[in-house]
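The primary structure of each chain is shown beneath.
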Protein chains: 2
Amino acid sequence: MNLIQKYNIPTPKEKRVKINEILSFDTFPCVLKIDLPVHKSDIGGVITDIQNNDELKKAKEIILNNLKKHDISFDENSEFLIQEEVKGIELIIGGKFDGIFGEVLIFGSGGTLVEIEKDITYIDTNADENEITKAIKKTKISKIFPEFRGKKYNLGAVIDVIKKLQIMFNNENITEFDINPLIVNEKGAIAVDVRIKEGKKNKKTFYSKKHSIFKNENIAIFGATDKEEKVGYAIAKNALNSKANIYFVNPHLNTLFDKRVYKSIDELPPIDTSVIAIPTKFVLDTVEKMACKGCKNFIIISAGFKEIGNIEAEKKLKELAIKYDLNIVGPNCLGIYNADKELNLTFAKSSIYKGDIGLISQSGAVLTAIMDKAAQNKIGFSHIISMGNMADFNFANAINELNNQENCKTISIYAEGIQYGKEFLKAIRNSKKEILIFKAGKSKAAKKAAFSHTGNLAGDFEMFKILSENAGAVFKNSIESLIYSPEYKAKEVIIVTNAGGPGTILTDLVSQYAKIKELDKKTIEKLNKVLPPTWSHNNPIDVIGDATDERYKAALETVKNLGDIIFVIITPQYMTDALSIVKILNNDKYIPILLGKESFLDAINYLENQNRLYFTSLEEAAKIL
Amino acid sequence: MNLIQKYNIPTPKEKRVKINEILSFDTFPCVLKIDLPVHKSDIGGVITDIQNNDELKKAKEIILNNLKKHDISFDENSEFLIQEEVKGIELIIGGKFDGIFGEVLIFGSGGTLVEIEKDITYIDTNADENEITKAIKKTKISKIFPEFRGKKYNLGAVIDVIKKLQIMFNNENITEFDINPLIVNEKGAIAVDVRIKEGKKNKKTFYSKKHSIFKNENIAIFGATDKEEKVGYAIAKNALNSKANIYFVNPHLNTLFDKRVYKSIDELPPIDTSVIAIPTKFVLDTVEKMACKGCKNFIIISAGFKEIGNIEAEKKLKELAIKYDLNIVGPNCLGIYNADKELNLTFAKSSIYKGDIGLISQSGAVLTAIMDKAAQNKIGFSHIISMGNMADFNFANAINELNNQENCKTISIYAEGIQYGKEFLKAIRNSKKEILIFKAGKSKAAKKAAFSHTGNLAGDFEMFKILSENAGAVFKNSIESLIYSPEYKAKEVIIVTNAGGPGTILTDLVSQYAKIKELDKKTIEKLNKVLPPTWSHNNPIDVIGDATDERYKAALETVKNLGDIIFVIITPQYMTDALSIVKILNNDKYIPILLGKESFLDAINYLENQNRLYFTSLEEAAKIL
């Protein structure tokens, strides 16, 4: 309690009185307890709900009587404890020092059922009032604010306690604590029962980066080779067509793709970016030599580090990064891409289109899957970073870096397990660009898998999600969703369909991410004029099974300026001419969804030839939101 | 309270005593209250936690004192109420008469926060003990049974109360009630506060079916035509190749597909099944004439009934069904399919394969989408019923019907809004076959859309889901999931992958439906011998990025007898030869997932030619579970 009082957190009034003294108190209702090492309530040693000093005296008599009855011995030094009785709604605020996020607060519905109802949220100790409020609003119990069942509850009083606890937790040697209950009532919030565990907190040092990983004028590719089966070949080939100066390095080769191959580091001109795809044993030495030569950026493709237990070598990479102020991406990564220089330093096979998404992926295979999907749909990237083992360059560094890149509009992240949670949250908080995250490792089995694969603890999924969302990130449910935004991120959606059922299903799917736009009276009247009387009179706009391209067109013309995007569902009804319908969808705001393949081959061909985004599944379509 | 006591539900002991009588009671702790029309607790008129008769007397003095102090007048007829004080955990049991499901109980965490925490479940009043237990286990609060924080709580006592309330609710004219709290403690369960709303319940009559809709020997198709743009043409053509006798009926046609066309009903031989695809105004008359001729089954394709406000005609269809003991499917439906007779009485374009899934769909367009997907994957059906408006033949009838069909192994349902909830649940309960349900109308907007489209109230999604699941149905999250089961319904899944990230993501997806099989020591040792030392030592089995077909084969041979199915993920790593890998997947237990299209064209071609089920998306793959 002392620490809690030191930080000015309200606690109940209390007073100790020797057993023979006259009892009096100034705050009612109050509770009288005999302070003896017995199970007080079982022997009648506690009286609650005392309303005034008269009742307090009678309560003393009753307790003394009960003590005698139960043969409980006491002497003149025994004490009564008089305590303000605090009634109200029970909340909990706990704190734990998490291995990833450091000091984290837990807020929620309190009392004895807390472990059962688990109506809780997480709050970073660096969160400001706005973020704290967002976090609290995620709990069901927050519905008591500002009023519940005729009584007023002050959210500000709770936020005030949380802010004090943030300071306390950050400043003191505490590894864990619990206030349960924190009682809120019309007077405020009072910490009634407090448990604190002291201890030293084990903090890691975070290094922010001084140089940009995307300053790529002069690139050296170590391990460039003419052997097609090696990644060094793929990287060299992918890098060729860039606007940067590319220097191949390989002691056993003279030329590659008609370019000179350098035999040694000494021969090289000044280099800012080194890509390392050479045997593991040569990596450390090469990095240090290049660092001495002034190179700041290292993309280490080579594997054989932490992921196979070679922790020492990985540690040394980190030490080199600190010593020479380097950006070391990887090891065991797929590479990076920088649209500014049209520079593809990855060994991926997919073509990459220029665009405005900055993509950060912890898994090379997931990255290739995303790149393949993006290439299919002609979606482009401004930057790509394959994180690999994250010996040095980590998620927080990557987010900060992409924030400095003008061409990047959205930062999309595939994460499994992160390090430096507090810095990660800070980076999200400071980001001027929208951050989308898909994280694996929700289930227990997946958490185990993520660990065995990246060597990074996946941590608690819910905590990760809630803290990141509070800090400002948007969570996505699939890897594909990472590449559609922000172009298609819609607040209000219109659905035009020739069948009610699929319209209903899509409405459910859309409602998870966006709003189904309500049609105003005027629009409904306009639609009445162009649609048959049986149309749905509602969004989804069911233009009825026998709809022709003319009817679709009339409906679309009427609503084209409403909503952010318009899904156009076409189902193979008996007289549906899908080709003529897709031909009128001459606007990127219209997203065609063709439910059926056999019947729609010509329409699909048409859309493919027009480079249009289209879907054949309602669920896939909803992912763009 | 009287009704509650009539059904022997425990309530607290209580006793009324005139103000001048001597107080005594036999159950402690108890509460003493003055029974006057004042706000008792504000003026000190309630004393809780009274442990014995001595304290009871003192409590009386205190209250009388308080009354004087507050100038509250009373006389010799004024009464004290002594009530057993029941302490424990607060639950709620409510009841409401739902428009779809009739009498439904609500069980959950009680107290004043019930509307906030909403930790509740639904229980049908016809549910047996097993089903009640299943329902209760869906709440978080059920974790207090059988023991919580050192105290024992008896689930049996709660179930006993629920069973009594089921009888009460079914028998009495009650439209709503609430027991909040029902307090459970180590002694049992006691209804402390009860509110009952009496009123008449509006019940609909349900008709079960005497004849099978799938007795299809002699079929008349009304509206068969040679005009290709009409549905009557498609139905006639689809029906042609069946083992049943097909009779086309059309007064304006002589022959169709080289078969005689009948001009009138009188000419027809005895018919058991009539398909009606004629103008709306002729439907009722045709049905009645055919019914008089002894026809029992009617599939009404024609639209123009309830869905355009023509409620009268639809009512008359229902009356005809009752009068002549008919099965009337539709109106406004796509038709039916019966594999026994290879009889396709739908106007769908997709080919239908013979199989063991019985499919029931409320939306024709959703049905065609499912049929298209099934045809692509060569998945077959035993029966298909397109429900249409459900003027007569409803979901409960359809489930009962499919239960009588030997060739049907699984019943898959797409539903929007149902009628006859209690009969629907009974049909699920009595089903000997697995029932899979996908229901649209979860979001508010979708509920509205479903209503405007089918004219059936979608009802409360959660209630529908919980009641159906308790009765024994399995809920699915997508329409595709309805057709993969039961063949691929796996309890334990193994994942073999050449990349950790996708393995982790698939683990999350699989964990929603099934278990990731844990590998025993022996298996891990065997895998150690055939895999590189960096393999994951775990399921997902990460065979590492440079895996060849030989390595995949060695891993698969080791685990082929474990788990129910094995997902084999192939990502386009730099040296991956996907074609040679898919060639070794010579077992239907192996489900290939190829993450990437451009790089995998030959492997995909090979799988297509082999008629193998495969996926290019982790999420699509997980749907088969």
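Owing to the predicted nature of the structure, the values given are computational and were not obtained by experimental measurement.

### Description of the relation of the copies chain B and chain A
Here comes step 1: With an RMSD of 0.2 Å, the fit of chain B onto chain A corresponds to turning through 180° and sliding 0.1 Å along the axis. In symmetry terms, the pair is related by a two-fold rotation axis.
Here comes step 2: A high fraction, 100%, of the interface residues of chain B reappear at the interface in chain A, so the copies pair face to face through one surface.

### What to know about the interface of chain B and chain A
Often, the extent of an interface is quoted as the loss of accessible area upon association of its parts.
Here comes step 1: With 91 residues of chain B at the contact, the number on the chain A side is 91 residues.
Here comes step 2: Where chain B abuts chain A, roughly 6900 Å² becomes buried across the two surfaces, and 55% of that area is made up of carbon and sulfur atoms.
Here comes step 3: Taken as a group, Ile116, Glu117 and Tyr574 of chain B account for 11% of the area that chain B buries against chain A, more than any other trio of residues on that side.
Here comes step 4: The interface formed by chain B and chain A includes four salt bridges.
Here comes step 5: Across the salt bridge formed by Glu115 of chain A and Arg149 of chain B, the nearest N and O atoms sit 3.3 Å from each other.
Here comes step 6: Taken together, the links from chain B to chain A amount to 17 residue pairs in polar contact (both at pLDDT 80 or more).
Here comes step 7: Here the element with the most residues in the side of chain B that touches chain A is helix H15 (residues 500-511) of chain B; it accounts for eight residues.
Here comes step 8: Classifying every residue of the side of chain B that touches chain A by side-chain character gives 32 nonpolar, 30 polar and 29 charged.

### A closer look at the confidence of the model for chain A
Any residue range with low pLDDT should be treated as having predicted coordinates unsuitable for detailed reading.
Here comes step 1: On average, residues of chain A score 92 in pLDDT, and 98% of them reach the 70 mark or higher.
Here comes step 2: Complex prediction metrics read pTM 0.88 and ipTM 0.85.

### Brief notes about the packing of helix H11 (residues 421-430) of chain B against helix H13 (residues 461-471) of chain B
Helix packing geometry: the angle between the two helix axes and the distance between the axes.
Residue and element names in this part refer to chain B.
Here comes step 1: Closest axis-to-axis distance for the H11/H13 pair is 8 Å, and the angle between their directions is 30°. Taken together, the axes of H11 and H13 are roughly parallel relative to one another. Of the residues in H13, those in contact with Phe424, Leu425, Ile428 and Arg429 of H11 are Phe464, Leu467, Ser468 and Ala471.
Here comes step 2: When its residues are assigned to classes, the contact of H11 with H13 shows six nonpolar, one polar and one charged.

### Regarding the packing of aromatic side chains
Here comes step 1: Under the counting rule described, the total for this entry stands at 24 aromatic pairs over all chains.
Here comes step 2: Among the aromatic residues, ring-to-ring pairing joins Phe101, Phe395, Phe424, Phe461, Phe464 and Phe475 of chain A into one connected group.
Here comes step 3: Geometry around Phe464 of chain A places Lys439 of chain A over its ring, the cationic atom sitting 5.1 Å from the centre.
Here comes step 4: Note that Arg260 of chain B overlies the ring of Tyr262 of chain B, its terminal NZ or CZ placed 3.9 Å from the centroid.

### Concerning the sheet that holds strand E16 (residues 259-262) of chain B
Residues and elements named next belong to chain B.
Here comes step 1: Reading across from one edge, E15-E16-E14-E13-E17-E18-E19 is the order of the seven strands in this open sheet, with mixed pairing throughout. Since the sheet does not close on itself, it has two edges, and those belong to strand E15 (255-256) and strand E19 (327-329), each with one partner.
Here comes step 2: Both strand E13 (residues 218-222) and strand E17 (residues 273-276) contribute to a ladder of four bridges, which runs parallel. Counted as the bridge partner of Ile219 is Thr273 from E17.

### Some words on empty space enclosed by the protein
Here comes step 1: Under the counting rule described, the total for this entry stands at six cavities of 30 Å³ or more.
Here comes step 2: If you add up the space inside the largest cavity, you get close to 80 Å³.
Here comes step 3: Around the largest cavity, the lining residues are Pro572, Gln573, Tyr574 and Ser599 of chain A together with Leu334, Phe347, Ala348, Lys349, Ser350 and Thr368 of chain B.
Here comes step 4: In the lining of the largest cavity, the residues fall into five nonpolar, four polar and one charged.

### Considerations on the pattern of salt bridges
Here comes step 1: Counted under the stated rule, the structure contains 76 salt bridges over all chains.
Here comes step 2: The shortest N-O distance in the salt bridge between Glu619 of chain A and Lys623 of chain B comes to 2.9 Å. Remark: Lys623 of chain B occurs in the segment after helix H20 (618-622) and Glu619 of chain A occurs in helix H20 (residues 618-622); the pair is interchain, linking two chains.
Here comes step 3: For Glu619 of chain A, a relative accessible area of 17% puts it in the buried group.

### Some remarks on helix H6 (residues 231-239) of chain A
Here comes step 1: Within H6 of chain A, the full set of buried residues consists of Gly232, Tyr233, Ala234, Ile235, Ala236 and Ala239 of chain A.
Here comes step 2: If you follow the buried residues of H6 of chain A, they end up packed against strand E13 (218-222), strand E14 (245-249), strand E15 (255-256), strand E17 (273-276) and strand E21 (343-346) of chain A.

Quick notes on the rules
Residues numbered from 1 in each chain as written. Chains lettered and ligands numbered in written order. Predicted model: local features only at pLDDT ≥ 70, side-chain atom pairs only at ≥ 80, totals over all residues. Heavy atoms only, no water. Least-squares fit on C-alpha atoms with pLDDT ≥ 70 in both. Contact = heavy atoms within 4.5 Å. Buried area = accessible area lost by both parts, 1.4 Å probe. Salt bridge = Lys/Arg side-chain N within 4 Å of Asp/Glu carboxyl O. Polar contact = N/O pair within 3.5 Å; in protein donor to acceptor, adjacent residues only side chain to side chain. Helix = DSSP H or I, 4+ residues; strand = E, 2+ residues; numbered from the N terminus. Nonpolar A, V, L, I, M, F, W, Y, C, P; charged D, E, K, R; others polar. pLDDT = per-residue confidence, 0-100. Axes fitted to C-alpha atoms, helices over the stretch in contact; angles between N-to-C directions. Parallel < 35°, antiparallel > 145°, perpendicular 65-115°, else oblique. Phe/Tyr/Trp six-rings, centres within 6.5 Å; stacked < 30°, edge-to-face > 60°. Lys NZ or Arg CZ within 6 Å of the ring centre and 35° of its normal. Pairing = 2+ DSSP bridges. 1 Å grid on protein atoms, 1.4 Å probe; cavity = no way out; pocket = protein on both sides within 12 Å on 5 of 7 lines; lining within 4 Å. Points joined across faces, edges and corners; volume = space filled by probe spheres on them. Buried < 20%, exposed > 50% of the residue type's maximum accessible area, 1.4 Å probe, protein only.

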